[in-house]
Each structure stands twice: as C-alpha cells, then as structure tokens.
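Okay, here's what each chain looks like letter by letter:
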Amino acid sequence: MGKLRLGHICEAAFWLILAAFLYVESFDFDRGIEIYKFGATGWPRALLLLLAVAAIGQLVYQFLAGDKSTSGTVGAASDDGAEEAARESGHSHLRWYVSAFCLLALPFLYMRAHDLAGLFLTLDKDGVHSVKLVAAPLLLVVYLFLARGNQVGAILTLPLFFAALLEDLGFYAMAPLFIVGITLLMGERRARWIALTVALIMGFMLLIFVSLLYVGLPTGNISPFYDLSHWLVTLLQ
Amino acid sequence: MDPFGNFITGTVTLFSDPLGILIFFGGVIGGMLFGAIPGVSMLTLAAILLPFTAHLSAEHGIMLFSVIYCTGVYGGAITAILFNIPGAPENAPTAFDGYPMTQKGQAGKAVGAAVMCSAIGGTVSAVIMMAATAPIANWAISAFGPPEIFALVFFGLAVAATVGAKTLWKGWLSILLGLLIAVVGMDPVGGIERYDFDMPYLLAGIHFIPTILGFFAVSEIFVQAEKKATGVYKAPKLSVNFPTLTELIAHKFAVFRSIVIGFFCGILPGIGATLAAFMGYNEAVRWSKDRSEFGKGKLEGVISSETANNAATGAAMIPLLALGLPGGALTAMMVGVFQMHDMEPGPLVFLNSPDLVWVVFAAMFFANLSILFVGFLETKTIINLLRIPFQFLAPLILLLATVGAYAVRGLVIDVVVMFIAGVAGFFLRRSGYSVAGIVLGLILGKIGEQTFAQAMQMLHFEWTGFYDRPIAAFLILAALLTVAGSIYSAFFKKERQ
C-alpha cells in the first residue's frame, strides 16, 4: 500500500465516482450541433477525463509520498490552518463524517418535507405550509439531539437550516435566531453579550440595507411570519 | 483635441457638477466599504445600485460604476489580508501572503502595501487607458482572436494549478471542479441544457456570486469556527505599522512587472483582473530567488497581486468602451447601465458621447489616486474589526454574505447555493484543495469553452491551426512547458514537508 491511507483511497474514489456519474449524465444532452462537431458533450467529457487523470495522479503521488506537499506549489491551503485544525481535533474519522453528513441532511429534508408528505397526503397551498410548520420544529429537535455530539457539524448545518427556512419564514424573523444560534455554537454563554450582538447586527443590517438601500430581503410566505416582516419593512421604509 | 486636453475638460466637467462630485465620492467610499467589509463585495453594491442608475444620467451612472470598480477591487484586498476572505476573485492571490502577514502581526504592512500598489497600478493603468484606448483596443482585437484567448486561458490555468493547493494534483482537481461547475446550464454553441437535473434554477447555470461568497467567505468562517471549537483558534494580531518607502521601492521591479501583466490581461475581453492577479502573483514566485517564502507572509506576494488586479481595472474599460465587450461581472453591469439609457458601448460612444467617456476616464484616474488618501484613513478604521471577538464577527459576516448572495437576483436559492458552496469549500480546504483555484476555474470556464469552440470552428477543427498563429502557439507551448515542469517538480524534486 506504500504510504496510502484509507482517506487517500476514499478521496480518489470520490473524484472517480463523480467523474463517472457526470459522464453517465452527459448522455442526457448528447445531441449533435450542426456547426460544431464536438457537440455539447465534448468539453465536459474532456474535463471529466482530465479529472479522472488528476485523481489517479494524486493517488499515485500519495502512494509514493503520503501527505507531503509537492515541490513548486505555493500559498497552499494546507498553510491556512484548515488541515491542521481538522487533524488536531480528530475530525477526520469516518464516524465524525457520518454524523456531520446526517446533520447536513436535515435542512434538505425540510426543503423536501412537502414532497415526502405528498406521498401520503393530498396537499393544497395551506397544507404545504402546515407540513412545513410541523417539519421545522421536529427537524430542529433532531438537529439539537445530533448537534450535542458534533459541534462543528452543527455549525456547518445551522446556516443551511437558516437558508432553507428563509423562503417560508423570512429573514426578519429568522436572522435574530440565527445570530443567537451561531454565537452559542461558538461557545459564547453570556446572555447580555448575545442580546447586544443581536441588537447591533440587526440594527446595522436593517438600517443599511432596508432603510437606506431599499434591499427587499425575504419576507417569508407563511403567516404570521410574513405579516411580521411586512410590518417591519413598512415601518423602516 | 489631444488626450491631455480631453482629460482636463473631463476633470473640469466632473468637479464643476455638485451631483457629479457627490456621486464620485459616494462611489469611492461605497466601493471601498463594500469591498472591505467581509461577506459583501463591490458586486453586491453594484447589484443593489443598478436599478437606481435609471434615475441618473448615463454619464453619472457609468461614472459611479467605474469608480466603484476601481475602489472596490482595492477594498477586497483588505478582507483578504485581515480575514482570509477575498472581497472578489481578483483578490484571492492577495490572501496567500496577506493573511499569513496578519497572523504574524504585520497586517498594517500588508494593507499599506495594498493601498500603495493598488493606487499605483490603477493610476498608471488609467493614464495608459486615456492615452491610447483606440489603438490598444484595435491591437487587442486584431492580435487576440478566440485561439489566442483560449491559449491564454489555458496558460493562466496551468500557472494557477501550482498556486493555492497542497499538491499539483489537488491544484488541478480544484481548477477542474471550477470548470465543471461552469459547464452547468446552456452550452455556448447550441444552447443545449447541460446538468440541469430538471431544475429550472440550473438552466441559467450556477450563479458565480453566491458560489464565490460560499467558497471564500462562508468556508473561511467554518474553518475558523472549527479552530475555535477545537481550541486551536488564534486571534489575528492587530498592527497599524505601514510599510516604509524603502520597502516599497525595493519592490519596484515587481510593481512594474505586475502593471504590465495586469494591463495586458485587462485589455483582453473576458479575461479581466482575476487572471491578472493570479499571473502577477505567479510571476513574482517564478522570478523570486527564494520561492519557499511565498505563501508564508511575503510582502512581494501582496504587492504583485494587488498591483496587477488594479492595473487591470483601467485596461478593462478599453474593450468595454471601445468595442462593447465587458471583461468581467462589474463591466457587464456597466453594459446594463448603457442599455438603460438607450446607448450601446462601442466605437460610436467615442463619437457620440465624448463628454461621457472623458468624465469617466477622469473619474477613474482620481478614484485610483483617492485610494492613497481615503484608503489609509479607511484602513485605520477597518483594521479595528480585528478587535471584535470571532463569535460576534462570524454571525455578522454570515448575514452580510446572505444579503450579498440574495441581493443580486432576489432568489433564496442563491443563499442555499452559497451555503452549500461554503460547506463544500470547508471540506475541500481541510483536505488541501484550493478554493481560489475552484473560483478561477468557475470564472474562466465559460470564456474558455466559448473561445475553444470559436477557435476550433475558425481553424476548421484542425488542431495544428493553433501553431500557425504565433501568439497562440507561444502561449500553448508555455502552458505545456508549465504543466510538464510542474509534474517534473512534483515527482522528482525534493518535497516540502
């Protein structure tokens, strides 16, 4: 196995599977273009071939040299501390990845909650909203349960949750909760400081973007969140 | 009238109009602030302001955008240096050495160098632009057809593969990933949808602004958050010691080289400041006697990148104004401003609206000069952001990025895409991949494929046709030599630990 580790093989497998998947998908648009003999697939397939070559090249290099940097590369990502943090924290084990990806799946479950419910129920617009209002707290409970064992996974997931909820519940209602969540996950426990942070950040955002620049931030589409957003925007503008 | 006379006329027109003065200084300060606040960028400001320009005259609208362009490119360097979050793709190479300098307590020195070099690069470029827009545009368009531009993109990518990633292979994988993201959407020849997975959002391709915000800003927050959670986080050291004149003069050759590179890249439609910055940085590495110091906080890295990207701003106005070809996102928005006022940028602008052209040129010249004065004052304020504890700064940056991603098109899905890119960037960075490489691939992917297709059609699908064109042949050979040389270094030279 030379200097290969399981992680190296997983990395190469990821790139090769991605290349194979995208190659198979390219048959969906494999149509000729009269004036261009390479068609719509020529360029992406060439890139996929190069991707596979580079993935194999990387594997061969890791077989020979392990985790060492190559000579001649500068400004390496490895120098910005990202790799070091992962290594020192023990966040590179398979169990950590599984737990992180379980957490990361939750926002996507929320986004598709109405489709899943639609398998069993006939849903109109109000029905979709009801499903989302039920799904949000349920998934949040699961999130809190999983987050206890994986703080970094929880930090990665919270912004995605926030983004998933923006469409339905709006920026104005969700942003304060998001600020509280992130500061707590970063280890801040002083309630007064957290409240001050929420007030300052929200004040800054509303003043600059809503009052001054008239940026229409997401207002949500489920009552009473939509009503709250609408009231706030009217007040500020 | 001669260019100097025109410049004087433009200057007088600019500074004799109170609304013009207000818009000029608004643009200077707005561009610097939006460039320098992590999470948003000059593009966010431009996208927010675009609808408002309908209420301004064409002269004021274009002038506002050109001023934002000059000062925003500089402002993006501040976030790159202080937070490792490049304000725009063209500031990515600045972070390679700028952020390590901040970690070593030399933030003031790095930012001071960025201020000086941005001003020098931008001002020289503006002067050349004023002196010779028409001949340079004509030369660029006659000497650089699709084969040459494709060859330059290939050369630029070959060069960039050795910058930013842990190994050469990871550099190429990063760039190829960016190129593949750029494939999503319609193909440039037949308009056939690719990799849309039946999602209407993907038909227009993945928008680059949320993707860039995700890879740069969000992934950096995640990386720092992991360090914070695991106790390896070190707060950056605050310093406001600017570089001495002697230090800057010692790098005069690097400044000159980067101006040439930046200007050359800027005049080529579709190439713009991003490739200029990467090539400026890479040439600094290539010419250096001690390459191993780059990426660890070398002042020359910041100087080369920042001079080159600001030198590209003036040059990028040449294809826009003379030929109607935008070189990047912000210049593309300027085309929108022209169209809102029933005008088309191109050779006729010089005949029909010489006042507009010279007011814009004068504004760009003074905007670059103002970087020197306003930039130093602003830096002393912005640098204090480093005093804010990370747990309070992180939600602010994430929310600013949310607004930055959303404001461009008013789509929540763009915010989701940004955070997905952030998570992907986090996992890729901790495995030694280069997010700067991904973003470069994403930016150059469309122009690369388009010029390749046009070149092959021009050359009747004969590959050897590239070698009948001296510039294309030279660039392709240089690219192949770069690839071969880097592979040789990777396998046969002594590895870095």
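Residues numbered from 1 in each chain as written. Chains lettered and ligands numbered in written order. Predicted model: local features only at pLDDT ≥ 70, side-chain atom pairs only at ≥ 80, totals over all residues.

K.L.:
Any chance you could break down the overall build of chain B for me, citing the residues and the numbers?
P.N.:
Each helix and strand counted, chain B has 21 helices and two strands in total. Relative to a compact globule of 497 residues, whose C-alpha radius of gyration would be 23 Å, chain B shows 21 Å and is just as compact. For chain B, the spread of C-alpha atoms along the three principal axes comes to 60 × 55 × 50 Å. When each of the 497 residues of chain B is scored for burial, the buried share is 64%. Within chain B, residue pairs in contact and separated by at least 24 positions form 79% of the contacts whose partners lie at least 6 positions apart. (Helix = DSSP H or I, 4+ residues; strand = E, 2+ residues; numbered from the N terminus. Rg over C-alpha atoms; globule rule 2.2 N^0.38 Å. Buried ≥ 20, exposed ≤ 12 C-beta atoms within 10 Å, placed from the backbone. Contact = placed C-beta atoms within 7 Å.)

K.L.:
Quick rundown of the overall build of chain A? Include the residues and the values.
P.N.:
Helix and strand counts for chain A come out as 10 helices and zero strands. Taking 18 Å as the expected radius of gyration for a compact globule of 237 residues, we find that chain A reaches 24 Å, considerably beyond that expectation. For chain A, the proportion of its 237 residues judged to be buried stands at 37%. Counting contacts in chain A only where the partners sit at least 6 residues apart, residues at least 24 apart contribute 64% of the total.

K.L.:
Go over the interface of chain B and chain A, please, and point to the residues and values.
P.N.:
Quoted interface sizes are often the accessible area lost when the parts come together. Residue-level contacts link 81 residues of chain B with 72 residues of chain A. Broken down by secondary-structure element, the contributors of at least two residues to the side of chain B that touches chain A are helix H5 (92-103), helix H8 (168-183), strand E2 (193-194), helix H10 (208-230), helix H18 (390-409), helix H19 (412-429), helix H20 (435-458) and helix H21 (470-492) of chain B. In terms of residues, the side of chain B that touches chain A owes the most to one element, H18(B), which gives 11 residues.

K.L.:
Quick rundown of the environment of B:Phe426? Include the residues and the values.
P.N.:
Of note, B:Phe426 is situated in helix H19. With 27 C-beta atoms counted inside 10 Å, the residue B:Phe426 sits in the buried group. In the structure, B:Phe426 is positioned 29 residues away from B:Ala455 in sequence and 37 Å away in space, judged by C-alpha atoms. Setting aside residues up to four positions removed in sequence, B:Phe426 forms contacts with A:Leu156, B:Ser219, B:Phe222 and B:Val223.

K.L.:
Just give me the short version of the domain arrangement of chain A, but keep the residues and values in it.
P.N.:
Once the domains are mapped, chain A shows domain 1 (1-67) and domain 2 (94-236). When each unit is reduced to the centre of its C-alpha atoms, the spacing between domain 1 of chain A and domain 2 of chain A is 36 Å. (Domains from an automatic or database assignment.)

K.L.:
Go over the confidence of the model for chain A, please, and point to the residues and values.
P.N.:
Residue-level pLDDT values for chain A average 88, and 90% of them are 70 or greater. The element-level mean pLDDT for chain A is lowest in helix H3 (residues 82-89) of chain A, coming to 66, with helix H8 (residues 171-185) of chain A highest at 95. (pLDDT = per-residue confidence, 0-100.)

K.L.:
How would you explain H8(A) if you had to name every residue and give the values?
P.N.:
Since one α-helical turn is 3.6 residues long, residues separated by three or four positions face the same way. All names here are of chain A. With 15 residues, H8 extends 20 Å between its outermost C-alpha atoms, agreeing within 8% with the 21 Å of an ideal straight helix rising 1.5 Å per residue. With 11 of 15 residues buried, H8 is to be regarded as a mostly interior element. All of the buried residues in H8 are Phe 171, Tyr 172, Ala 173, Met 174, Ala 175, Phe 178, Ile 179, Gly 181, Ile 182, Thr 183 and Leu 185. Positive backbone phi, at 100 degrees, marks Gly 187, one or two positions downstream of H8. (Expected span 1.5 Å × (residues − 1).)

K.L.:
An account of the packing of helix H7 (residues 151-169) of chain A against H19(B) is requested, with residue identities and associated values reported.
P.N.:
Orientation of H7(A) relative to H19(B), taken along the N-to-C sense of each, is 170 degrees, at an axis distance of 8 Å. Taken as axis vectors, H7(A) and H19(B) run roughly antiparallel relative to one another. Of the residues in H19(B), those touching H7(A) at A:Leu156, A:Pro159, A:Leu160, A:Ala163, A:Ala164, A:Leu166 and A:Glu167 are B:Val412, B:Val415, B:Val416, B:Phe419, B:Gly422, B:Val423 and B:Phe426. The residue inventory of the contact of H7(A) with H19(B), partitioned by class, reads 12 nonpolar, one polar and one charged. (Axes fitted to C-alpha atoms, helices over the stretch in contact; angles between N-to-C directions. Parallel < 35°, antiparallel > 145°, perpendicular 65-115°, else oblique. Nonpolar A, V, L, I, M, F, W, Y, C, P; charged D, E, K, R; others polar.)

K.L.:
Help me get a handle on the environment of B:Leu299, residues and values and all.
P.N.:
Residues and elements named next belong to chain B. Mapped onto the secondary structure, Leu 299 falls in helix H14 (residues 299-323). Owing to 23 C-beta atoms within 10 Å, Leu 299 belongs among the buried residues under this scheme. For the pair Leu 299 and Gly 98, spaced 201 residues apart in sequence, the C-alpha separation works out to 7.5 Å. The contacts of Leu 299, once residues within four sequence positions are left out, are Lys 109, Ala 113, Pro 243, Glu 247 and His 251.

K.L.:
Describe the packing of H10(B) against H19(B), with residues and values.
P.N.:
All names here are of chain B. Following both chains from N to C, one finds H10 and H19 inclined at 50 degrees, their axes separated by 7 Å at the closest point. Judged by the angle between their axes, H10 and H19 are oblique. The crossing of H10 and H19 is right-handed. Across from Pro 210, Thr 211, Leu 213, Gly 214, Phe 215, Val 218, Ser 219, Phe 222 and Val 223 in H10, the residues of H19 making contact are Asp 414, Val 415, Val 417, Met 418, Phe 419, Ile 420, Ala 421, Gly 422, Gly 425, Phe 426 and Arg 429. (Left-handed = near helix turned anticlockwise from the far one by under 90°.)

K.L.:
Requested: an account of the environment of B:Ile175, with residues and values cited.
P.N.:
Residue and element names in this part refer to chain B. Examined against the element boundaries, Ile 175 turns out to sit in helix H8. Given 32 C-beta atoms within a 10 Å radius, Ile 175 is considered buried. On a C-alpha basis, the gap between Ile 175 and Ala 424 in space is 14 Å, while along the polypeptide they are 249 residues apart. Beyond its immediate sequence surroundings of up to four residues, Ile 175 is in contact with Leu 157, Ala 160, Ala 161, Gly 437, Leu 440 and Gly 441.

K.L.:
Before we move on, can you summarise H10(B) with the specific residues and values?
P.N.:
All names here are of chain B. Look at H10: 32 Å from first C-alpha to last across 23 residues, which is about the 33 Å you get at 1.5 Å a residue. When the local axis directions of H10 are compared, the greatest deviation, roughly 35 degrees, occurs at Gly 214. With respect to burial, H10 is a largely interior element, 22 of its 23 residues being buried. Gly 231 occupies a position one or two residues after H10 and carries a positive phi of about 80 degrees. (Bend = angle between axes of the 7 residues up to and from the residue.)

K.L.:
Help me get a handle on unusual backbone geometry, residues and values and all.
P.N.:
Cis geometry is found at the peptide bond from A:Ser223 to A:Pro224, where omega equals 5 degrees. With a phi angle near 55 degrees, A:Tyr214 is a residue other than glycine that sits in the positive phi range. Residue classification places A:Tyr214 among the partly exposed residues on the basis of 13 C-beta atoms within 10 Å. Residues other than glycine seldom take positive phi values, yet B:Asn84 does so here, at roughly 65 degrees. Looking at the secondary structure, you find B:Asn84 in the loop between helix H4 (58-83) and H5. The exposure class assigned to B:Asn84 is buried, which follows from the 25 C-beta atoms found within 10 Å.

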